[in-house]
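Each chain, written out:
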Amino acid sequence: MPCEQAGGGTWVRNFAHYDVQSILFDLLEAATNRDSVGRKKNITSGASAASQHRPLNQAVPSSPSQGVGGGTGGGSGAEDPEHSLLDEGDGNDNDLLLSCPHFRNEMGGEERVGLGSPRSCGGRWRSLQSPNDAVSVLEEPRESHVKQQGKSNYFIEHADLGARYYHKYFYMKDHQNFFGMDERLGPVAISFRREEKEGSSGAQYTYRIIFRTTELKTLRGSILEESVPSGARHPTTRGLSPKRLLEFILPDLNLHCLRLASNYPKVRDTLLKLDEQGLNFQRKVGVMYCRAGQSTEEDMYNNESSGPAFDEFLDLLGERVRLKGWEKYRAQLDTKTDSTGTHSLYTRYQDYEIMFHISTMLPYTPNNTQQLLRKRHIGNDIVTIVFQEPGALPFTPKAIRSHFQHVFIIVQVHEPCTENTYYRVAVTRSKDIPLFGPLFPKGARFPRSLAFRDFLLAKAVNAENAAEKSEKFRSMATRTRQEYLKDLAENYVTTTPIESSTKFQLLSLGGKRKDKLKGAKGAELHSAGALVWAVSAIQENGGPKLPCLLGVSAESVVLIERCTKMVVFNCSCRDVIGWKAVLEAGAQGGPCLDIFYERGEAVSITVMENQAEDIKEMVQRLELVTRGCEAREVTPLRDSVGQPGFLMSEEGFVTELQRFGYAESGGLQMGARVVRLCGQALVHLTQEERSRRLRTAPKIHITVIPPDENGKPRSHVYDNVGIKVNKHHIYEDIGELMDATPDLILAVKPKVLLEEERQVGVDEGEEETPSGSEVPLRPTCTERAERNSRALSLHNSITKILSETTDSSEEEWQSISDLATACRSILEALSREDRKADDGTQAGADAVTLPSQMETKLRDIKDSESPSHLEEKVSQLEAMLKRLQDDLQKEKEDKAVLQAEVQSLRQNNQRLQEESQSTVARLIKVTELLCNVNKPC
């Protein structure tokens, strides 16, 4: 396949990549792309491309919008007519949004492309892993990148968080920079730093490297000194020279053009700005107001003021702020003279500042259909929210004449300004912009709530991040990057070249390696970054194998498809529970490796027949960075009554084992986890299918993950601890999850059914509602949602602490584990109580008997007789969690202080050794001089 020769790319096995885009860095591709600059067709993108396909019966505007969306927005110029006829949209439309040329519509129900998609029998649980598009940095724990989410339930996607690498490990630290003009690559910049490896008992060093070209992909990573071939080692204790190290990592790079950078502060500041060019935590989003019967750009821009429904929506979206004197992010609005209006809408979401350009808050010009004072701002926003009142006509990007508006989020309100207000959403994006989350079900209705605000802001931020990956924005960013690099290479270098040295050959992936070039065997397996192997991934649906790059860091496992250069699978190393390696060629075509994660899902990869050693290296790496182990194959025989001799829980944990039975003698253990049954993933089989296979299969064949050395089942961090797993786990039932989490309170029901239910509820509620003295007071929907949100936030915090306490004692670990289990139980009880409270057909009876029913169903939970008691338990757990977090924080601070003291002692020791050596050298020199003086002439 052509994909097998695709880029991604420039790496040796010893090099540990810091992030995903570093794995895809390719010198050959960078040179090829540079050669093709200027020979690409100039194609208009965004809404302007669609506007040129206006139907014949649609009126042409009296004046063009030059200088608004096109001029100031940086339009790409004339469109290629031949290209325009090749795309007529996706044909996907509804009453909110019409299909449009050069645009792709999202109506709900879309699914992400990837391997190992989380599912089970009936889809009763979902993965809690990051979306593939949200994976960036691989060297650091995922908690360090999701903590900024706060209470948000969504991830920021398509963000190059690895761009902070220079700031974190190089900026204001001792390091070297080299600049040059390469004949093939153009201007290049390299940063090089040697640092002592953390946690090392002796003098072990890591080399961190950043290699930049005009391409937006950057090589970022590290290599352990002990893993570098001995032939490339520097003979002194100063370590490897930059030239020798670069010749080993990038053997095809021409190093003769490189010169040492000047030691000016502007150099490091420019490199910081260059690397973080794509990181922007300030966003401007346009909001257009569409009344009933409206659909055109002129209609929306000429709505002089807003209606009650629009005001209600804006109040949910953000905070109205006075522009005059405003000191925070202003998004090009005038904060001195009120020339762009007196007020605007502002909010913060995670790490982002968002200023909205509201059409009705921008200046209105009477008798001017173009409303340029409004369009000059909204027309230059990449993302635009189109708010539709009931009765608005379907939106189409054809109605918008702008070169810069690439994503439209259509929000239509229903039953505005009532207790039953809800919204429907549709999204349309330029065709070269990738899909972005959060995704939503088809037909979803979003009640007016903070959860909907959370969803909408995440959608808007991710939309702009995804838009920056389109060809138009990449070209603009590449030109800017090239100017930065060219300025550094021409004006900020010294005359010092990289010292000359002998070149060493790149270690090939499958070729023979010369012994004299070997470093310490297996030293690279202890790297924090991602080691990379070329593999082929096996699709569950039997499709063709996907040429991929497998990256395994100390924190994450990722698969990147080489054709699309997209992450198609990711999971945390903490969630890997086991693996199965087959070194001989088999049905899959070559040596293969199955990696089991979370609840027994698996991703399967193969390599070429002559690369069995790669499988061994992958297994060694997994043994070092995960808690999993090698899976075993067991074939238990049935006894005289046809029983297999063991029982397992719904998650596959072996809970009972017949003593001296066939299963036990075959190698099955208590606490082992069954992941496959008769060749099928257990998590995909219903209870009936499992029972039928165990009873009737000609031969029982199971794949199990043995328990750990303490006899505990191997489970990922979201599993219940111990063999006894709750039958109704809070994360297994989507119904319970919808009741408990704010991000899934979406209802997917026909509108007619909704109206019928509401009518029934009103009629019955007026007749059957008893007095307050007869029925215990129930919490309102808002109170229940707030309570459930608190409990869920508490659960997530405890789970995070549980995943971070790998080095704690057994007693501490068990204490936190029990805390997490209790929290899960409370969440279950809250969820069941909510379903009872929402059951209109048994309103009176259920309210009276609810405490006793809960006590019967939840006997394993202490003191859970009433909802109010559950509230108290949640508060108690929050207090316990606060104390636990304070203790952990103090422990981390003490550890940091201790490490700082150790580092200071090491530096002082090294300084004293250097001074001692220098003193000895001077004494020797003085002694020689004295001897020479005393010698006779």
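What comes next concerns the included structure. (Residues numbered from 1 in each chain as written. Predicted model: local features only at pLDDT ≥ 70, side-chain atom pairs only at ≥ 80, totals over all residues. Heavy atoms only, no water.)

## Thoughts on the overall build of the protein
Move 1: Across its full length, the protein holds 22 helices and 30 strands.
Move 2: Within the span of the protein, comprising 937 residues, buried residues form 51% of the whole.
Move 3: Taking contacts inside the protein between residues at least 6 apart in sequence as the whole, the part at least 24 apart equals 68%. (Helix = DSSP H or I, 4+ residues; strand = E, 2+ residues; numbered from the N terminus. Buried < 20%, exposed > 50% of the residue type's maximum accessible area, 1.4 Å probe, protein only. Contact = heavy atoms within 4.5 Å.)

## Here's the deal with the nonpolar core
Move 1: In this structure, Phe313, Phe356, Ile385, Ile409 and Phe452 are the most contacted members of the largest nonpolar core, which totals 69 residues.
Move 2: Of all the elements, helix H12 (residues 450–467) adds the most residues to this core, at 10 residues.
Move 3: Once you skip the residues sitting within four places of it in the chain, Phe313 turns out to touch Ile385, Phe387, Val411, Tyr423, Phe452 and Leu456.
Move 4: Counting residues in hydrophobic clusters, the runner-up holds 30 residues, among them Leu531, Val557, Leu559 and Val607. (Core = buried A, V, L, I, M, F, W, Y, C linked by side-chain atoms within 4.5 Å.)

## A few points about the sheet that holds strand S29 (residues 680–681)
Move 1: Taking strand neighbours across the sheet as the criterion, the 4 strands line up as S25-S30-S28-S29 in an open arrangement whose pairing is antiparallel. Pairing within the sheet leaves two strands with one partner each, and these edge strands are strand S25 (632–634) and S29.
Move 2: Examined bridge by bridge, strand S28 (residues 673–677) and strand S30 (residues 702–705) share 4 bridges and lie antiparallel to one another. In the strand pairing of S30, Arg673 is matched with Ile705. (Pairing = 2+ DSSP bridges.)

## Brief notes about the sheet that holds strand S4 (residues 186–196)
In any sheet, the strands associate via hydrogen bonds between backbone groups, in a parallel or an antiparallel arrangement.
Move 1: Taken together, 7 strands build an open sheet; the order of strands is S1-S6-S5-S4-S3-S7-S16 and the sheet is antiparallel. If you trace the sheet from one side to the other, it starts and ends with strand S1 (16–17) and strand S16 (493–497), each paired once.
Move 2: Bridge analysis of S1 against strand S6 (residues 219–224) gives 2 bridges, and the strand direction is antiparallel. Its bridge partner being in S6, His17 is matched across the sheet by Gly221.
Move 3: Packed on one face of the sheet, helix H13 (residues 471–491) meets strand S3 (176–182), S4, strand S5 (205–212) and S16 and runs near 75° to S4. (Axes fitted to C-alpha atoms, helices over the stretch in contact; angles between N-to-C directions.)

## A word on the packing of aromatic side chains
Move 1: Scanning the entire structure with this criterion turns up 27 aromatic pairs.
Move 2: A centroid spacing of 5.7 Å and a plane angle of 10° characterise the contact between Tyr166 and Phe170, whose relative ring orientation is stacked.
Move 3: In this structure an aromatic cluster arises from ring pairing among Tyr154, Tyr289, Phe310, Phe313, Phe387, Tyr423, Phe440, Phe446, Phe452 and Phe455.
Move 4: Over the ring of Tyr205 we find Arg194, and its NZ or CZ is 3.7 Å from the ring centre.
Move 5: Stacked on the ring of Tyr422, the Lys or Arg Arg445 has its end atom at 4.9 Å from the ring centre. (Phe/Tyr/Trp six-rings, centres within 6.5 Å; stacked < 30°, edge-to-face > 60°. Lys NZ or Arg CZ within 6 Å of the ring centre and 35° of its normal.)

## Quick notes on the pattern of salt bridges
Move 1: If you walk through the whole model with that rule in mind, you get 31 salt bridges.
Move 2: Two residues, Arg212 and Asp275, come together in a salt bridge whose shortest N-O distance is 2.7 Å. Of this pair, Arg212 sits in strand S5 while Asp275 sits in helix H8 (residues 265–275); the two residues are 63 residues apart in sequence, bridging distant segments of the chain.
Move 3: A salt bridge links Asp338 to Arg322; its shortest N-O distance comes to 3.0 Å. A residue pair is termed long-range when its members are at least 10 positions apart, and Asp338 in the loop between strand S9 (319–322) and strand S10 (343–349) and Arg322 in strand S9 qualify at 16 residues.
Move 4: Overall, the relative accessible area of 35% leaves Arg322 in the partly exposed class. (Salt bridge = Lys/Arg side-chain N within 4 Å of Asp/Glu carboxyl O.)

## Quick word on the environment of Ala309
Move 1: Mapped onto the elements of the fold, Ala309 is located in helix H10 (residues 308–317).
Move 2: With a relative accessible area of 5%, Ala309 lands in the buried category.
Move 3: Expressed as a C-alpha distance, the spacing of Ala309 and Phe387, which sit 78 residues apart in the sequence, is 9.5 Å.

## Some points on the environment of Leu240
Move 1: Summarising the element assignment, Leu240 is placed in the loop between S6 and helix H7 (242–249).
Move 2: Residue classification places Leu240 among the buried residues on the basis of a relative accessible area of 6%.
Move 3: Once the C-alpha coordinates of Leu240 and Tyr207 are considered, the two residues, 33 residues apart in sequence, prove to be 8.9 Å apart.

## Here's the deal with the side chain of Asn570
Move 1: Within the secondary structure layout, Asn570 lies in strand S20 (residues 566–572).
Move 2: On the basis of relative accessibility, which here comes to 11%, the residue Asn570 falls in the buried class.
Move 3: In this structure the side chain of Asn570 is engaged in a polar contact, spanning 3.0 Å, whose partner is the backbone oxygen of Ser130.
Move 4: Among the polar contacts listed, one links the side chain of Asn570 to the side chain of Asn132, at a separation of 2.7 Å. (Polar contact = N/O pair within 3.5 Å; in protein donor to acceptor, adjacent residues only side chain to side chain.)

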